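Letter by letter, the chains look like this.
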Amino acid sequence: MAPNINPTLPLLLLLLLFTLHLSSVSAWKKEEFRTCNQTPFCKRARSRKPHSSSLFATDVAILDGALTANLRQPPPESPDQDQIKPLLFTLSVYQNGVVRVKIDEDPSLDPPKKRFEVPDVILPEFESTKLWLQRFQTETVDGDSGPSSVVYVADGYEAVLRHNPFEVYVREKQGKRRVLSLNSHGLFDFEQLRVKQEGDDWEERFKGHTDVRPYGPQSISFDVSFFDADFVYGIPEHASSFALRPTRGPGVDDSEPYRLFNLDVFEYIHDSPFGLYGSIPFMLGHGKARGTSGFFWLNAAEMQIDVLGSGWDAESGILLPESGSRIDTLWMSEAGIVDTFFFIGPGPKDVVRQYTSVTGMPAMPQLFSTAYHQCRWNYRDEEDVENVDSKFDEHDIPYDVLWLDIEHTDGKRYFTWDRVLFPNPEQMQNKLAAKGRHMVTIVDPHIKRDESFHLHKEATSKGYYVKDATGKDYDGWCWPGSSSYPDMLNPEIRSWWSEKFSLKNYVGSTPWLYIWNDMNEPSVFNGPEVTMPRDALHYGGVEHRELHNAYGYYFHMATSDGLVKRGDGKDRPFVLSRAFFPGSQRHGAVWTGDNTADWDQLRVSVPMILTLGLTGMTFSGADVGGFFGNPETELLVRWYQLGAYYPFFRGHAHHDTKRREPWLFGERNTELMRDAIHTRYALLPYFYTLFREANTSGVPVMRPLWMEFPSDKATFSNDEAFMVGNSLLVQGIYTERAKYASVYLPGGQSWYDLRTGIIYKGGTTHKLEVSEETIPAFQRAGTIIPRKDRYRRSSTQMANDPYTLVIALNSSHAAEGELYIDDGKSFEFKQGAYIHRHFVFSDGKLTSSSLVPNAGKTLFSSACVIERIIVLGHSSGPKNALIEPSNRKAEIELGPLWLRRGKSAPVLTIRRPNVPVADDWTTKIL
Ligand code: NOJ
């Protein structure tokens, strides 16, 4: 969150305004932020007509295993038109259906400087998956007059470079159906860097800020088409619908493009294409006819993306090859190079796997961090912390992490403590740790410019701050007042920063303390659009405009590396970041920033988190309860009920709001919130298994319905319901006093109400009565969900508890599921120290087998047993089950689906099979 202040105001007045801001609630100030029309590169790109690009490819060759060419323009018709120098084009092919297209200025033609290529995002091992192209074919595609060069991509797919006019696309080999294309509409434009001449006025002004733009305009734009796509998705972060709406075209009201520019937006609204805290320029197209494809542009400058409604190009009179449905998009960036990736899918899970093979798999979180977090701006002092902590126990509500916001520091100097309020931070953390709990403190990137602050002194003397356009340390205004920002692009500075988290350097920290990175867009209260000026300078002469969207990413990376170092490489880090960029999934979790306590924001949290998951950032959540404002009790309860299914589950609130810990709203509401949190704790084994799936495949924990039902059109734009893994469907309740909810349950199989076990038919919409006790949630027939049903104070204390398996039978009386277990903490799972079970139920018999390769010598063991097996959809009658190989019998009875909740009809339960979770066994219903 950032106050809305005018940068030209003198400091004292600023301070006054700032203080006023803290106690007032004002609405989103649209005029603080630039529109496309106020952003010259965006305005120019948007006004270009289809087929205005005249680039053509020459000198096509194979070089270093890639297809290369020069992109040239015909000589200008008049001498005052710019002649662009030939651009270098490279197309490389990687394993598993990834095509990379790069276009940049030719270094041998002496550009004034090297354009910025974002480092440290692409996994080094990705390069080793490159297929070394040996040859290309030349063909004349039907309807073309000139040649195209064609290369192999994967079985059944080819990439095509059409020479004139220049166009590149991926197509199916059989039938030549296109999948994805670039520049089919001739909107490609590449503004080359220039040396300033007399009379050139390149300055840009916005709200009293001047951007000197020393190299002139340097933007890039082009169109990308997704063939056979009914909808496009992705490109977070926006508070808007999951299926992206057209921003231009017939019938579209005057709309902004989707903006990708990391910004600290005060009180963002719930339905807008404006940019928020993070940016991931990765879009997916999905349709019934073919499946899914993806397009990613690795570029960290401001980006604007139009989704073009069908008929947008009618005026050009040129039609693309016939295709069932096609979605055209326009991508515009202020700087950088073209470094793009085409993912051929064809399934949704294939596309996320392809994307994460480039940018990295989501990190495996510590188990505790997948449980419930309690935060507030601010828990005042140690006594407050102690009270809150003990109230959770008193009310029998588990929680794992207590968070401290900026007020815990000495004057917003991070890594310090306000010693009056927090005289014994280690002791405070140790007390929490005794109950298996952890603490998180906030560390922001702005460093107080205070000569007596060691961090500032050190950063200044080492020259570690970002510089302004004149070369001086950039001085901006943030929580501590005058502040400077470490230049996180520089690996040496990141390494220096990471050392600050050692137990020795971070005085008052303990091994149970983890970190929250906030304001890392970066937020600068008196900067243009509340951020750093675009002409500020980074390591290697990189302009801030070129890397803006990645600043927070490098900060997150350095912090997360710091925690790894602190733990000697033995403790998985936990760092929550507000800003993000492709690859952030490797460094920790994110949340959706400063939402508001209203129903619309509850609703939009689902498409926001779904979008993050689809683009790699699966460990994400929204502030439960809403950050700004006081939620009505019903909203708060509904938020807990929904938040219990967010991958990252944290309650948080602005300091102006009333206290809202779950026990403050009367016994009944405490019960409801406790129940929601308990549900999450019971499902932790399932969630943790899903985090591991994400960690190995990129497939998100929280998924759109169409990821599991890719050919069911009714799911494509549904963003009120979502899947948790492949087994659970959850539908939020987004209105006050709702009596009924319409819930679409996809697929040919049935669904079992998670709470009551009642069975519902799939493939239809059900009008369901809604109770205050829960939001609708269902287990899909054919799945097995592992649970832990004993409630403890924290997840850590559940480590040795037994498991319950809930088997939901499908129409063939079969089901399957998985359970992943490791030490929840270290990196030893990477060496194979984990248990991964596969449960299969068929012919009345449940079998547990290992999914660990070379399972013979397991490096991790667990003494946990399975104490209950519930079988939904089985006729009652059997009295015993036979357990092999121990040749024992276990009783079968009708029991409750949940131990502590009423409501459910009795369900078939195998009692105390007590089979070791780590072993192979079978349990046969007799
Ligand atoms: C803005 C963050 O988004 C919010 O969560 C936090 O409480 C405040 N900054 C204060 O640190």
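Residues numbered from 1 in each chain as written. Predicted model: local features only at pLDDT ≥ 70, side-chain atom pairs only at ≥ 80, totals over all residues. Heavy atoms only, no water.

Per an unreviewed UniProt entry, the protein goes by the name Probable glucan 1,3-alpha-glucosidase and belongs to Vitis rotundifolia. In its Pathway (unreviewed entry) section, the UniProt record describing the protein reads: "Glycan metabolism; N-glycan metabolism." (UniProt positions renumbered as here; feature names shortened; annotations may be inferred.)

Chemist: What am I meant to see in the overall build of the protein here?
Modeler: The helix and strand tally for the protein stands at 15 helices and 52 strands. Relative to its length of 926 residues, the protein is compact, with a C-alpha radius of gyration of 28 Å against a globular reference of 29 Å. Considering only C-alpha atoms, the protein reaches an extent of 90 × 70 × 55 Å along its principal axes. Across the 926 residues that make up the protein, the buried fraction comes to 64%. Nonlocal contacts in the protein, meaning residues at least 24 apart in sequence, comprise 72% of its contacts between residues at least 6 apart. Carbon and sulfur atoms form 50% of the exposed surface of the protein, whose accessible area is close to 32,500 Å². A distance of 5 Å separates the average location of the 100 positive side-chain charges in the protein from that of its 118 negative side-chain charges. (Helix = DSSP H or I, 4+ residues; strand = E, 2+ residues; numbered from the N terminus. Rg over C-alpha atoms; globule rule 2.2 N^0.38 Å. Buried < 20%, exposed > 50% of the residue type's maximum accessible area, 1.4 Å probe, protein only. Contact = heavy atoms within 4.5 Å. Areas by Shrake-Rupley, 256 points an atom, 1.4 Å probe, with all protein chains shown as cover. Lys, Arg positive; Asp, Glu negative; His and termini not counted. Charge placed at Lys NZ, Arg CZ, Asp CG, Glu CD.)

Chemist: What is the right way to look at the packing of aromatic side chains in this model?
Modeler: Between two aromatic rings, the relevant description is the distance of the centres plus the angle of the planes. A complete count under the given rule lists 58 aromatic pairs for this structure. Consider the rings of F368 and F574, whose centres lie 6.3 Å apart with planes at 65°: the pair is edge-to-face. Remark: F574 occurs in the loop between α10 (551-566) and β31 (575-577) and F368 occurs in the loop between α4 (348-359) and β22 (372-374); sequence separation between them is 206 residues. Both rings, one in W403 and one in F648, keep their centres 6.1 Å apart while their planes meet at 55°; by these two values the pair is tilted. Of this pair, W403 sits in strand β23 (residues 401-404) while F648 sits in the loop between α12 (633-643) and β34 (649-651); the two residues are 245 residues apart in sequence, bridging distant segments of the chain. When sorted by exposure, W403 lands in the same class as F648, which is buried. Ring pairs connect the aromatic residues F368, W403, Y514, W516, F574, W591, F619, F648 and F691, which therefore count as one cluster. Its guanidinium or amino end placed over the ring of F206, R34 lies 5.8 Å from that ring's centre, counting from NZ or CZ. (Phe/Tyr/Trp six-rings, centres within 6.5 Å; stacked < 30°, edge-to-face > 60°. Lys NZ or Arg CZ within 6 Å of the ring centre and 35° of its normal.)

Chemist: So what exactly am I meant to see when it comes to the site of the ligand here?
Modeler: Taken together, 14 residues lie around the ligand, and D405, D518, R578, D594 and H652 are the ones closest in. Burial of the ligand by the surrounding chains reaches 100%, relative to a free accessible area of 290 Å². (Near = heavy atom within 4 Å.)

Chemist: Hey, could you run me through unusual backbone geometry in this one?
Modeler: Generally, phi is negative for residues other than glycine and the peptide bonds are trans, each holding for most cases. Of note, the bond from N164 into P165 is cis; its omega dihedral lies within 30 degrees of zero at -5°. Tracing the sequence through the fold places P165 in the loop between β8 (157-162) and β9 (167-172). Of the consecutive residues E884 and P885, the connecting peptide bond is found in the cis state with omega at 10°. Following the sequence through the fold, P885 ends up in the loop between β49 (880-884) and β50 (888-895). For D59, which is not a glycine, the phi torsion comes out positive at approximately 50°. With phi around 65°, K412 is a residue other than glycine that occupies positive phi space. Tracing the backbone through its elements, the reader meets K412 in the loop between β23 and α6 (425-434).

Chemist: Where do I start with the state of the cysteines in this structure?
Modeler: Disulfide: a covalent bond formed between the sulfur atoms of two cysteine residues. By the definition in use, this model includes one disulfide. C36 shares a disulfide with C42; S-S distance 2.1 Å. Since a negative S-S torsion denotes a left-handed disulfide, the C36-C42 link at about -100° is left-handed. Neither C36 nor C42 differs from the other in exposure class; each is buried. Of all cysteine sulfurs in the structure, the one in C478 sits closest to C375, which takes part in no disulfide; the separation is 17 Å. (Disulfide = S-S within 2.5 Å.)

Chemist: So what exactly am I meant to see when it comes to the sheet that holds strand β27 (residues 481-484) here?
Modeler: Pairing between the strands of a sheet is mediated by backbone hydrogen bonds and can be parallel or antiparallel. Reading across the sheet, the three strands line up as β25-β27-β26 and stay open at both edges, with antiparallel pairing between neighbours. Edge strands, defined here as strands with exactly one partner in the open sheet, are β25 (447-448) and β26 (476-478). The pairing of β25 with β27 spans two bridges and is antiparallel. Of the residues in β27, the one forming a bridge with I447 is S484. (Pairing = 2+ DSSP bridges.)

Chemist: Is there a simple way to explain the nonpolar core in this structure?
Modeler: The tendency in soluble globular proteins is for nonpolar side chains to be buried as a group. Counting 222 residues, the largest nonpolar core has W497, F574, Y645 and V724 as its most contacted members. Sort the elements by how many residues they give to this core and helix α11 (residues 599-614) lands first, with nine residues. Those residues in contact with V724, other than ones at most four positions away along the chain, are Y645, Y686, F687, L690, V701 and V730. (Core = buried A, V, L, I, M, F, W, Y, C linked by side-chain atoms within 4.5 Å.)

Chemist: Any chance you could explain the sheet that holds strand β32 (residues 589-591) here in plain terms?
Modeler: Spatial strand order, β33-β32-β31-β28-β24-β23-β22-β34: eight strands in an open sheet with parallel pairing. Where the open sheet ends on each side, the last strands, each with one partner, are β33 (620-621) and β34. Where strand β28 (residues 513-517) lies against β31, three bridges are found, and the strand directions are parallel. When the bridges of β31 are listed, W516 appears paired with L576.

Chemist: Explain the side chain of K448 to me, please; I cannot follow it from the model alone.
Modeler: Within the secondary structure, K448 sits in strand β25. No salt bridge is formed by the buried K448; its nearest oppositely charged neighbour, D450, is found at 5.4 Å. A distance of 3.1 Å separates a polar side-chain atom of K448 from the backbone oxygen of P480. In this structure, K448 is in contact with G411, R413, F453, H456, P480 and S482, ignoring residues within four places of it in sequence. (Salt bridge = Lys/Arg side-chain N within 4 Å of Asp/Glu carboxyl O. Polar contact = N/O pair within 3.5 Å; in protein donor to acceptor, adjacent residues only side chain to side chain.)

Chemist: Sorry, what's going on with the pattern of salt bridges here?
Modeler: Pairs may arise between side chains of opposite charge once their charged atoms sit close together. Counting across every chain of the model gives 81 salt bridges. When the shortest N-O distance is used, the salt bridge between D144 and R162 registers 3.1 Å. In this pair, D144 is assigned in the loop between β6 (137-139) and β7 (148-154) and R162 in strand β8, connecting sequence segments 18 residues apart. For R162, a relative accessible area of 16% translates into the label buried. Among the ionic pairs, R572 bridges to D822, the shortest N-O distance being 3.0 Å. Placement of the pair is R572 in the loop between α10 and β31 and D822 in the loop between β45 (815-821) and β46 (835-842), with a sequence separation of 250 residues.

Chemist: How do you make sense of the environment of C375 when you look at a structure like this?
Modeler: Looking at the secondary structure, you find C375 in the loop between β22 and α5 (382-394). Along the sequence, C375 and G651 sit 276 residues apart, while their C-alpha atoms lie 5.7 Å from each other.

Chemist: Is there a simple way to explain the packing of helix α13 (residues 667-682) against helix α14 (residues 684-697) in this structure?
Modeler: Packed helix pairs are characterised by how far apart their axes lie and by the angle those axes make with each other. Their axes nearest at 5 Å, the elements α13 and α14 cross at an angle of 55°. Regarding the angle of α13 to α14, the classification is oblique. On α14, the residues that touch R680, Y681 and A682 of α13 are L684, P685 and F687. Partitioning the contact of α13 with α14 into residue classes produces five nonpolar, no polar and one charged. (Axes fitted to C-alpha atoms, helices over the stretch in contact; angles between N-to-C directions. Parallel < 35°, antiparallel > 145°, perpendicular 65-115°, else oblique. Nonpolar A, V, L, I, M, F, W, Y, C, P; charged D, E, K, R; others polar.)

Chemist: Please explain the UniProt feature "domain: Glycoside hydrolase family 31 N-terminal" (unreviewed entry) in the protein as it appears in this structure.
Modeler: UniProt tags residues 89-306 as "domain: Glycoside hydrolase family 31 N-terminal" (unreviewed entry). Across residues 89-306 one finds 2% helix and 38% strand; the C-alpha atoms that close the span lie 24 Å apart.

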